[in-house]
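Report on the structure
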Amino acid sequence: MERMEHDRMEDVPPPKRPAYIWCYYKWHIIAALLGASALVWITYMLFLHPRPDLSIMWLSSEYEFLADTRIKERLDSLPWDLNHDGRVKVAVQHVQFPEDSSNMKVRMQLGTLMAAGNFHIFLASDTAQVWLADNDLFGTWDNFAPDGAWQEVIPERVRADLISGGEVFCISCEDLEFFRGDGLSSMKNLSLVITKPPTDEEGLLKYRREMEALRELLRWKPEEK
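Everything numeric in this text was worked out from a predicted model, so none of it was measured.

Re the packing of aromatic side chains
Following the criterion strictly, the structure yields six aromatic pairs and no others. Ring centres of phenylalanine 178 and phenylalanine 179 lie 5.1 Å apart, and the angle between their planes is 75°; this geometry places the pair in the edge-to-face category. In terms of burial, phenylalanine 178 and phenylalanine 179 fall into one category: buried. Cation over ring: arginine 215 sits above phenylalanine 144, and NZ or CZ is 5.8 Å from the ring centre.

This is the structure in C-alpha coordinates:
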(Lines give C-alpha, C1' and ligand atoms only; values in the text may rest on other atoms or scores of the structure.)
Protein backbone atom coordinates (compact mmCIF):
# COMPACT_ATOMS: atom_id res chain seq x y z
CA MET A 1 0.00 0.00 0.00
CA GLU A 2 1.36 3.44 -0.93
CA ARG A 3 1.74 5.90 1.88
CA MET A 4 -1.30 8.18 2.11
CA GLU A 5 -0.99 11.87 1.23
CA HIS A 6 -2.77 13.16 4.35
CA ASP A 7 -0.73 13.70 7.51
CA ARG A 8 -3.57 14.37 9.97
CA MET A 9 -6.44 12.08 10.86
CA GLU A 10 -8.97 14.89 10.67
CA ASP A 11 -7.99 15.52 7.05
CA VAL A 12 -8.82 11.93 6.10
CA PRO A 13 -12.39 11.14 4.99
CA PRO A 14 -14.08 8.71 7.44
CA PRO A 15 -14.32 5.82 4.94
CA LYS A 16 -10.54 5.94 4.43
CA ARG A 17 -9.52 6.24 8.09
CA PRO A 18 -9.06 2.46 8.70
CA ALA A 19 -6.64 2.35 5.76
CA TYR A 20 -4.89 5.48 7.09
CA ILE A 21 -4.46 3.93 10.55
CA TRP A 22 -3.10 0.69 9.10
CA CYS A 23 -0.73 2.54 6.80
CA TYR A 24 0.81 4.67 9.54
CA TYR A 25 0.46 2.42 12.61
CA LYS A 26 0.53 -1.18 11.37
CA TRP A 27 3.76 -2.05 13.18
CA HIS A 28 2.44 -0.57 16.41
CA ILE A 29 -0.73 -2.65 16.02
CA ILE A 30 1.20 -5.84 15.27
CA ALA A 31 3.47 -5.27 18.27
CA ALA A 32 0.48 -4.66 20.54
CA LEU A 33 -1.26 -7.83 19.32
CA LEU A 34 1.89 -9.93 19.84
CA GLY A 35 2.34 -8.50 23.32
CA ALA A 36 -1.28 -9.22 24.24
CA SER A 37 -1.00 -12.78 22.87
CA ALA A 38 2.16 -13.40 24.90
CA LEU A 39 0.47 -12.08 28.05
CA VAL A 40 -2.55 -14.35 27.52
CA TRP A 41 -0.28 -17.38 26.94
CA ILE A 42 1.81 -16.67 30.05
CA THR A 43 -1.32 -16.20 32.17
CA TYR A 44 -2.76 -19.47 30.88
CA MET A 45 0.41 -21.45 31.52
CA LEU A 46 0.88 -20.03 35.03
CA PHE A 47 -2.68 -20.09 36.33
CA LEU A 48 -5.06 -22.03 34.08
CA HIS A 49 -3.05 -24.77 32.35
CA PRO A 50 -3.55 -28.05 34.27
CA ARG A 51 -0.23 -29.25 35.61
CA PRO A 52 0.47 -32.98 35.29
CA ASP A 53 0.19 -35.12 38.39
CA LEU A 54 2.97 -37.25 36.95
CA SER A 55 5.54 -36.53 34.23
CA ILE A 56 7.65 -39.30 32.69
CA MET A 57 10.39 -38.94 30.10
CA TRP A 58 10.92 -41.92 27.82
CA LEU A 59 14.50 -42.13 26.54
CA SER A 60 15.17 -44.66 23.81
CA SER A 61 16.30 -44.87 20.21
CA GLU A 62 12.85 -46.03 19.03
CA TYR A 63 9.30 -44.87 19.70
CA GLU A 64 6.18 -47.04 19.61
CA PHE A 65 2.80 -45.32 19.49
CA LEU A 66 0.93 -48.34 20.83
CA ALA A 67 3.19 -48.60 23.88
CA ASP A 68 2.81 -44.87 24.51
CA THR A 69 -1.00 -45.21 24.35
CA ARG A 70 -1.05 -48.21 26.69
CA ILE A 71 1.13 -46.46 29.27
CA LYS A 72 -1.04 -43.33 29.25
CA GLU A 73 -4.22 -45.40 29.56
CA ARG A 74 -2.85 -47.16 32.62
CA LEU A 75 -1.57 -43.96 34.14
CA ASP A 76 -4.97 -42.33 33.66
CA SER A 77 -6.55 -45.22 35.56
CA LEU A 78 -4.49 -44.67 38.71
CA PRO A 79 -6.64 -43.45 41.65
CA TRP A 80 -4.99 -40.17 42.56
CA ASP A 81 -5.12 -36.43 42.01
CA LEU A 82 -1.90 -35.25 43.60
CA ASN A 83 -2.03 -31.59 42.57
CA HIS A 84 -5.66 -31.29 43.73
CA ASP A 85 -7.03 -29.74 40.55
CA GLY A 86 -9.95 -32.16 40.33
CA ARG A 87 -8.51 -34.25 37.50
CA VAL A 88 -5.76 -36.75 36.80
CA LYS A 89 -3.35 -35.59 34.15
CA VAL A 90 -0.20 -37.41 33.07
CA ALA A 91 2.55 -36.44 30.67
CA VAL A 92 4.73 -38.98 28.87
CA GLN A 93 7.33 -37.41 26.60
CA HIS A 94 9.49 -39.49 24.32
CA VAL A 95 12.93 -38.17 23.45
CA GLN A 96 14.84 -40.12 20.83
CA PHE A 97 18.09 -41.04 22.52
CA PRO A 98 20.56 -42.23 19.87
CA GLU A 99 22.78 -45.19 20.58
CA ASP A 100 25.66 -43.22 19.05
CA SER A 101 27.38 -41.68 22.05
CA SER A 102 29.00 -39.02 19.87
CA ASN A 103 25.64 -37.39 19.12
CA MET A 104 25.66 -34.33 21.38
CA LYS A 105 22.49 -32.57 20.17
CA VAL A 106 20.11 -34.77 22.17
CA ARG A 107 22.33 -34.65 25.23
CA MET A 108 22.32 -30.85 25.13
CA GLN A 109 18.53 -30.88 24.79
CA LEU A 110 18.24 -33.21 27.76
CA GLY A 111 20.56 -31.02 29.79
CA THR A 112 18.21 -28.09 29.18
CA LEU A 113 15.15 -30.12 30.17
CA MET A 114 16.86 -31.36 33.31
CA ALA A 115 17.89 -27.85 34.27
CA ALA A 116 14.25 -26.78 34.03
CA GLY A 117 13.36 -29.46 36.60
CA ASN A 118 10.33 -30.74 34.69
CA PHE A 119 11.18 -34.44 34.81
CA HIS A 120 12.24 -36.68 37.69
CA ILE A 121 11.09 -40.08 36.38
CA PHE A 122 12.54 -41.81 33.32
CA LEU A 123 12.04 -44.89 31.20
CA ALA A 124 15.61 -45.24 30.04
CA SER A 125 17.52 -47.47 27.66
CA ASP A 126 20.95 -48.76 28.67
CA THR A 127 22.65 -45.96 26.75
CA ALA A 128 20.43 -43.34 28.38
CA GLN A 129 21.24 -44.78 31.79
CA VAL A 130 24.93 -44.30 31.09
CA TRP A 131 24.25 -40.64 30.29
CA LEU A 132 22.24 -40.20 33.50
CA ALA A 133 25.01 -41.85 35.53
CA ASP A 134 27.74 -39.77 33.88
CA ASN A 135 25.83 -36.63 34.86
CA ASP A 136 25.29 -37.88 38.44
CA LEU A 137 21.50 -37.67 38.12
CA PHE A 138 20.40 -41.00 39.56
CA GLY A 139 18.21 -40.93 42.65
CA THR A 140 18.21 -43.65 45.32
CA TRP A 141 15.61 -45.89 46.94
CA ASP A 142 15.64 -43.58 49.96
CA ASN A 143 14.85 -40.64 47.64
CA PHE A 144 11.91 -42.67 46.34
CA ALA A 145 10.55 -43.50 49.82
CA PRO A 146 12.67 -42.56 52.85
CA ASP A 147 13.19 -44.48 56.07
CA GLY A 148 12.87 -47.84 54.39
CA ALA A 149 9.23 -47.26 53.34
CA TRP A 150 10.16 -48.40 49.83
CA GLN A 151 10.24 -51.99 51.10
CA GLU A 152 6.43 -51.91 51.38
CA VAL A 153 5.91 -51.37 47.64
CA ILE A 154 8.87 -53.16 46.12
CA PRO A 155 7.78 -55.42 43.22
CA GLU A 156 7.73 -59.18 43.77
CA ARG A 157 10.30 -59.81 41.04
CA VAL A 158 12.82 -57.45 42.66
CA ARG A 159 14.98 -58.99 45.37
CA ALA A 160 14.49 -56.66 48.33
CA ASP A 161 17.26 -58.40 50.25
CA LEU A 162 19.73 -57.27 47.58
CA ILE A 163 18.82 -53.59 47.86
CA SER A 164 19.89 -50.90 50.32
CA GLY A 165 18.27 -47.50 50.74
CA GLY A 166 21.31 -45.69 49.40
CA GLU A 167 21.42 -47.77 46.24
CA VAL A 168 20.42 -46.29 42.88
CA PHE A 169 16.71 -46.65 42.12
CA CYS A 170 16.61 -48.65 38.90
CA ILE A 171 14.01 -51.33 38.08
CA SER A 172 13.79 -53.25 34.83
CA CYS A 173 10.39 -52.56 33.26
CA GLU A 174 10.19 -56.30 32.60
CA ASP A 175 9.89 -56.79 36.37
CA LEU A 176 6.90 -54.45 36.71
CA GLU A 177 3.30 -55.51 36.03
CA PHE A 178 2.56 -51.99 34.83
CA PHE A 179 4.83 -52.35 31.80
CA ARG A 180 3.83 -55.87 30.82
CA GLY A 181 1.03 -56.91 28.48
CA ASP A 182 -0.24 -56.36 24.95
CA GLY A 183 1.53 -53.59 23.07
CA LEU A 184 4.27 -53.19 25.68
CA SER A 185 6.91 -55.62 24.45
CA SER A 186 9.33 -52.76 23.71
CA MET A 187 9.36 -51.84 27.40
CA LYS A 188 11.32 -54.95 28.38
CA ASN A 189 14.55 -53.28 27.21
CA LEU A 190 14.02 -50.19 29.37
CA SER A 191 14.41 -49.47 33.07
CA LEU A 192 12.45 -47.21 35.39
CA VAL A 193 14.77 -44.72 37.10
CA ILE A 194 14.44 -41.51 39.11
CA THR A 195 16.62 -38.46 39.59
CA LYS A 196 17.81 -36.85 42.78
CA PRO A 197 15.31 -34.52 44.51
CA PRO A 198 15.55 -30.78 43.81
CA THR A 199 16.68 -28.43 46.54
CA ASP A 200 14.06 -25.68 46.28
CA GLU A 201 10.90 -26.00 48.37
CA GLU A 202 8.39 -25.91 45.50
CA GLY A 203 10.39 -28.39 43.42
CA LEU A 204 10.79 -30.71 46.40
CA LEU A 205 7.02 -30.69 47.01
CA LYS A 206 6.39 -31.66 43.38
CA TYR A 207 9.07 -34.37 43.62
CA ARG A 208 7.47 -35.91 46.71
CA ARG A 209 4.07 -35.96 45.04
CA GLU A 210 5.52 -37.67 41.99
CA MET A 211 7.24 -40.27 44.15
CA GLU A 212 3.87 -40.89 45.81
CA ALA A 213 2.35 -41.41 42.35
CA LEU A 214 5.22 -43.70 41.42
CA ARG A 215 4.48 -45.86 44.45
CA GLU A 216 0.93 -46.28 43.09
CA LEU A 217 2.44 -47.29 39.76
CA LEU A 218 4.50 -50.00 41.46
CA ARG A 219 1.35 -51.30 43.20
CA TRP A 220 -0.61 -51.47 39.93
CA LYS A 221 -2.25 -54.78 39.07
CA PRO A 222 -4.20 -55.65 35.91
CA GLU A 223 -7.96 -55.78 36.35
CA GLU A 224 -9.34 -59.29 36.62
CA LYS A 225 -11.70 -60.24 33.80
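Additional details are given in the paragraphs that follow.
Overview of the pattern of salt bridges
Any two side chains of opposite charge can pair, so long as their charged atoms come close to each other. Counting across every chain of the model gives five salt bridges. As a salt-bridge pair, aspartate 136 and lysine 196 come within 2.9 Å of each other at their nearest N and O atoms. Of this pair, aspartate 136 sits in the loop between α4 (126-134) and α5 (141-144) while lysine 196 is found in the loop between β5 (191-194) and α6 (201-219), placing the two residues 60 residues apart along the sequence. Residue lysine 196 is classed as partly exposed on the basis of its relative accessible area of 37%.

Digging into a nonpolar patch on the surface
A cluster of nonpolar side chains, contributed by Trp22, Trp27, Ile30 and Leu34, occupies part of the molecular surface with about 460 Å² of accessible area. Tracing the backbone through its elements, the reader meets tryptophan 27 in helix α1 (residues 17-48). According to the relative accessible area criterion, tryptophan 27 is exposed, its value standing at 61%.

Things to note about the side chain of aspartate 68
Of note, aspartate 68 is situated in helix α2 (residues 65-77). Beyond its immediate chain neighbours, meaning those up to four positions away, aspartate 68 contacts Trp58, Tyr63 and Val92.

A word on the sheet that holds strand β3 (residues 121-124)
Here we have five strands laid out as an open sheet, ordered β2-β1-β3-β5-β4, and mixed in their pairing. Strands at the two margins of the open sheet, each flanked by one partner only, are β2 (90-96) and β4 (170-172). Averaged over all neighbouring strand pairs, the angle between strand axes comes to 20°, with direction disregarded. Bridge count between β3 and β5: four bridges; the pairing is antiparallel.

As for the nonpolar core
Within soluble globular proteins, side chains that are nonpolar tend to cluster in buried spots. Judged by nonpolar contacts, the single largest core of 36 residues is most densely connected at Leu75, Leu123, Phe144, Met187 and Leu214. With six residues, the single largest contributor to this core is α6. Membership of the second largest hydrophobic core comes to 13 residues, among which are Met57, Leu132, Leu137 and Val193.

What about the pairing of β5?
Side chains of β5 alternate between two faces, with Ser191 and Val193 and Leu192 and Ile194 buried alike. As defined by bridge partners, β4 adjoins β5 across three bridges and the pair is classed as antiparallel. In the strand pairing of β5, isoleucine 171 is matched with leucine 192.

Procedures and definitions
Residues numbered from 1 in each chain as written. Predicted model: local features only at pLDDT ≥ 70, side-chain atom pairs only at ≥ 80, totals over all residues. Heavy atoms only, no water. Phe/Tyr/Trp six-rings, centres within 6.5 Å; stacked < 30°, edge-to-face > 60°. Buried < 20%, exposed > 50% of the residue type's maximum accessible area, 1.4 Å probe, protein only. Lys NZ or Arg CZ within 6 Å of the ring centre and 35° of its normal. Salt bridge = Lys/Arg side-chain N within 4 Å of Asp/Glu carboxyl O. Helix = DSSP H or I, 4+ residues; strand = E, 2+ residues; numbered from the N terminus. Patch = residues over 30% accessible without salt bridge, like charges linked within 9 Å, V, L, I, M, F, W, Y side chains within 5 Å. Areas by Shrake-Rupley, 256 points an atom, 1.4 Å probe, with all protein chains shown as cover. Contact = heavy atoms within 4.5 Å. Pairing = 2+ DSSP bridges. Axes fitted to C-alpha atoms, helices over the stretch in contact; angles between N-to-C directions. Core = buried A, V, L, I, M, F, W, Y, C linked by side-chain atoms within 4.5 Å.

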